[in-house]
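# Structural features, examined
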Amino acid sequence: MKQLITLTLFLLTFTAFAQKPCEYSVNVNDSIGSYKVTNEYLISEKYFGGSFNYIFFSLAQTDGLPTLNLQSIQKSKDFIKANCFDKNSKVFLQLENGKIVTLMHINQENCGTLIRDEKGFDNRINTGIFMFMKDNYEELKKSPISIMRIKYLTNTEDYIVKRELTSELTGKVTNPNTYFMDNIRCVE
């Protein structure tokens, strides 16, 4: 009887700590190569004075090379300045263990697209692809993120990365600070 109880406790503990399976929005393997992208994940949401700003992450793997796709969505009835990505753009992630991880933008300038919706809001959507540095890639698996800094072509913006974020947009609860700890295995 003791063995049955011990086995049951072990199985319950094992399933409680099991990683959830990876979910992909794209997963293609063909004669040209392989490409997969995880679902987008809300990292930051700001609402101030009628302006909205959202940052989404997704991880991609192209023929074995992992990258971070960062999507910025700005929405306002006022003028929205363009935050452009260029070859010098970077994402800096300060981890809770004190280390800083730097991701480098690919050599492609992008200032996003401005779209006006039916409610009179201007929406600027900008996407950047960032490469991991080999020497600090492993650190993302070990420690949560505390602060994110995005260096654009003309300015720099800082974001506090929350432990728990309840989206005003969707009502969904996410844990942005452990994004890499939970998902980087999906593109290895």
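For the structure itself, consult the block above.
Now for a description of the structure that goes with this document. (Residues numbered from 1 in each chain as written. Predicted model: local features only at pLDDT ≥ 70, side-chain atom pairs only at ≥ 80, totals over all residues. Heavy atoms only, no water.)

A complete count under the given rule lists eight salt bridges for this structure. The partner of aspartate 122 in a salt bridge is arginine 116, and the shortest N-O contact between them spans 3.4 Å. The class for arginine 116 is exposed, based on a relative accessible area of 56%. Between aspartate 158 and arginine 149 there is a salt bridge, and its shortest N-O distance comes to 2.6 Å. Judged by relative accessible area, arginine 149 falls into the partly exposed class, the value being 39%. (Salt bridge = Lys/Arg side-chain N within 4 Å of Asp/Glu carboxyl O. Buried < 20%, exposed > 50% of the residue type's maximum accessible area, 1.4 Å probe, protein only.)

We now examine the pairing of strand E6 (residues 90-95). By the alternation rule, side chains of E6 split into Val91, Leu93 and Leu95, which are all buried, and Lys90, Phe92 and Gln94, of which none is buried. Here E6 runs beside strand E7 (residues 100-105); their pairing, made up of five bridges, is antiparallel. What sits directly across from leucine 93, in E7, is valine 101. Linking two consecutive strands that pair antiparallel, namely E6 and E7, is a turn of four residues; a positive phi of about 95 degrees is found at glycine 98 within it. Pairing geometry for E6 and strand E10 (residues 145-151), over six bridges, is antiparallel. (Helix = DSSP H or I, 4+ residues; strand = E, 2+ residues; numbered from the N terminus. Pairing = 2+ DSSP bridges.)

What follows deals with the state of the cysteines. As used here, a disulfide is simply a covalent bond connecting the sulfur atoms of two cysteines. One pass over the structure, following the stated rule, counts two disulfides. Between cysteine 22 and cysteine 186 runs a disulfide, and the two sulfur atoms are separated by 2.0 Å. Disulfide cysteine 22 to cysteine 186: torsion about the S-S bond roughly -85 degrees, handedness left-handed. Of the two residues, cysteine 22 is situated in the loop between helix H1 (2-16) and strand E1 (24-29) and cysteine 186 in the segment after helix H3 (179-183); the sequence distance between them amounts to 164 residues. The partner cysteine of cysteine 84 in its disulfide is cysteine 111, sulfur to sulfur 1.9 Å. Handedness of the cysteine 84-cysteine 111 disulfide follows from its S-S torsion of about 110 degrees: it is right-handed. Placement of cysteine 84 in the loop between strand E5 (65-76) and E6 and of cysteine 111 in the loop between E7 and strand E8 (113-116) is noted, with a sequence separation of 27 residues between them. (Disulfide = S-S within 2.5 Å.)

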